[in-house]
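Working through the structure, step by step
Listed here are the chains, written in short residue letters.
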Amino acid sequence: MFIIYRKQLCELNDILDPMFEKTLENPRLRPILLSLLNLFRYFSYTFYLLIMGIVTLYVCTPLIFIGYEAIKDIYPRRYGLPYPTSFPWIDGTPGIYYHIQYIFETQYSWFVVFITSGVDSLFGFHIFQIVGLFRALSYECEYSTKSNPNELHNVIYNCIKKHIQLLRCRDIIQTVYGPIVFNLVLTSAMVLCSLSFQIFKTEMTIAKTLLFIVYGVQKTTQTFIYAWCGSTILSEAEDFRNRIYSCKWYACNNVSIMKGILLVLTQKPMVLIACHFFSISLDMFIKILNTSISYYFLLQTFEEMNPR
């Protein structure tokens, strides 16, 4: 997706980075702009550690089994691969083909870690920038009304101009990340349902159970991060609209400013839409959990109707 929408992503960075850095130079706005930095950072770190845990379990599990069989002197020994795959050149013996395949799958696992965590963290970073800018704009509207009413005209004009740019950023983000979130929503409910069913209804080893639990937590965390970011940007945009309406814009006696205020207030809510199907919000996250639970009970009903 990033290759397809490379120009749009460059445009997004060209809009957000200068605006964010210029606002960051203001010492009065800096604490407001960075108020959610730790929260977004903890989300990114948590997601990265979960992916690292999953990949580590996949890569190290065959080595653990090989070491256990060597200690217990078990024959024939099983030389498994990190992922449940089967290839005609792999016959279970520690030959050159096995070592090459194992190194290839391990290297592929690192690509999964870097790409997945990087793409999702970049989404959170852009949302962090937009939310921080909305908070700074809201503060400017409120502060200018109380401190210096004479500069209200310039403040409102700048806020309207930045709001239009942020709307363009919203459009780019939902264009680039819409297919990603759409695929995430389609797969998350089925993945969580299948993991829950296998954990509670089938016999598995401790290592496999731990792997499924960590993967389920990672999938839930990934979905929650996208949903929470969508709800956060919506709430901050609505707060900005309320603040700019309450900043005594009528005292400017300027028709163009009044039209600009009307333009801001008549805009649709800043909701991120995934492929024109559904909004990215916490309601989406709740619906995914409800759907996965419904699928789980449906599978349980089928199992009770067809006993072995």
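Residues numbered from 1 in each chain as written. Predicted model: local features only at pLDDT ≥ 70, side-chain atom pairs only at ≥ 80, totals over all residues. Heavy atoms only, no water.

**Digging into the overall build of the protein chain**
Along the protein chain, the regular secondary structure elements total 8 helices and 2 strands. The order of helices and strands in the protein chain, counted from the N terminus, is α-α-α-α-α-α-α-β-β-α. For the protein chain, the proportion of its 308 residues judged to be buried stands at 40%. Within the protein chain, residue pairs in contact and separated by at least 24 positions form 79% of the contacts whose partners lie at least 6 positions apart. Only carbon and sulfur atoms are counted for the fraction: they give 64% of the accessible area of the protein chain, which is about 17,800 Å². (Helix = DSSP H or I, 4+ residues; strand = E, 2+ residues; numbered from the N terminus. Buried < 20%, exposed > 50% of the residue type's maximum accessible area, 1.4 Å probe, protein only. Contact = heavy atoms within 4.5 Å. Areas by Shrake-Rupley, 256 points an atom, 1.4 Å probe, with all protein chains shown as cover.)

**With respect to helix H1 (residues 6-24)**
Taking 1.5 Å as the rise per residue, H1 with 19 residues should run 27 Å; its terminal C-alpha atoms sit 26 Å apart, in good agreement. Inspection of H1 places Leu-9, Leu-12, Ile-15, Leu-16, Met-19, Phe-20 and Thr-23 among the buried residues, and these make up the whole buried set. The arc that holds the buried residues of H1, viewed along the axis, is 135 degrees, so those residues lie on one side. Turned more than 90 degrees away from the buried face of H1, the exposed residues are Arg-6, Lys-7, Asp-14, Glu-21 and Lys-22. (Expected span 1.5 Å × (residues − 1). Arc of directions from axis to C-beta.)

**Notes on the UniProt feature "transmembrane region" (unreviewed entry) in the protein chain**
In the numbering adopted here, UniProt assigns the feature "transmembrane region" (unreviewed entry) to residues 45-68, 108-128, 180-200 and 271-298. Counted over residues 45-68, helix gives 100% and strand 0%. Its end C-alpha atoms are 32 Å apart. Counted over residues 180-200, helix gives 100% and strand 0%. Its end C-alpha atoms are 30 Å apart. (UniProt positions renumbered as here; feature names shortened; annotations may be inferred.)

**Some words on the environment of Ala-189**
Mapping Ala-189 onto the fold places it in helix H5 (residues 152-201). What makes Ala-189 buried here is its relative accessible area of 6%. Sequence separation between Ala-189 and Ile-288 is 99 residues; the distance between their C-alpha atoms is 5.4 Å. The residues contacting Ala-189, other than those within four sequence positions of it, are Ile-288, Thr-291, Ser-292 and Tyr-295.

**Examining unusual backbone geometry**
At Cys-275, a position not held by glycine, the phi torsion is positive, near 55 degrees. Structurally, Cys-275 can be placed in the loop between strand E1 (273-274) and strand E2 (278-279). A residue is classified by how much of its surface remains accessible, and Cys-275, at 25% relative accessible area, is partly exposed. Backbone geometry at His-276 places phi at a positive 60 degrees, although glycine is not the residue there. Secondary-structure assignment places His-276 in the loop between E1 and E2. For His-276, a relative accessible area of 79% puts it in the exposed group.

**Concerning the side chain of Gln-129**
You can see Gln-129 is positioned in helix H4 (residues 96-147). In this structure Gln-129 touches Leu-16, Asp-17 and Phe-20, once residues within four positions along its chain are discounted.

**So, the environment of Arg-77**
The residue Arg-77 is located in the loop between helix H3 (37-72) and H4 in this model. The exposure class assigned to Arg-77 is partly exposed, which follows from its relative accessible area of 25%.

**What to know about the pattern of salt bridges**
Per the stated rule, a full pass over the model turns up 4 salt bridges. Where Arg-135 meets Glu-236, a salt bridge forms, and the shortest distance between an N and an O atom there is 3.0 Å. Of the two residues, Arg-135 sits in helix H4 while Glu-236 sits in helix H6 (residues 206-245), which places them 101 residues apart along the sequence. For Arg-135, a relative accessible area of 26% translates into the label partly exposed. The class for Glu-236 is buried, based on a relative accessible area of 11%. (Salt bridge = Lys/Arg side-chain N within 4 Å of Asp/Glu carboxyl O.)

**Brief notes about a nonpolar patch on the surface**
A contiguous nonpolar patch, built from Met-190, Tyr-295, Leu-298, Leu-299 and Phe-302 and spanning about 470 Å² of accessible area, is present on the exposed surface. Here the nonpolar patch gets 4 residues from one element, more than from any other, and that element is helix H8 (residues 282-305). The residue Leu-299 is located in helix H8 in this model. (Patch = residues over 30% accessible without salt bridge, like charges linked within 9 Å, V, L, I, M, F, W, Y side chains within 5 Å.)

**So, the packing of aromatic side chains**
Across all of its chains, the model carries 13 aromatic pairs by this definition. Where Phe-43 meets Trp-228, the ring centres are 5.1 Å apart and the plane angle is 65 degrees; that geometry is what we call edge-to-face. Placement of the pair is Phe-43 in helix H3 and Trp-228 in helix H6, with a sequence separation of 185 residues. Relative accessible area serves as the criterion here: at 18%, Phe-43 is assigned to the buried category. Among the aromatic residues, ring-to-ring pairing joins Phe-20, Phe-40, Phe-43, Phe-128, Phe-224, Trp-228 and Phe-285 into one connected group. (Phe/Tyr/Trp six-rings, centres within 6.5 Å; stacked < 30°, edge-to-face > 60°.)

**Overview of the nonpolar core**
One finds Ile-127, Leu-166 and Ile-244 to be the most contacted residues of the largest nonpolar core, which totals 68 residues. Of all elements in the fold, only H1, H3, H4, H5, H6, helix H7 (255-265) and H8 reach the threshold of two or more residues within this core. Contacts of Ile-127, omitting those with residues within four sequence positions, involve Phe-40, Ile-173, Cys-229, Ile-233 and Leu-272. With 7 residues, the next largest nonpolar core counts Leu-195, Leu-211, Phe-212 and Val-214 among its residues. (Core = buried A, V, L, I, M, F, W, Y, C linked by side-chain atoms within 4.5 Å.)

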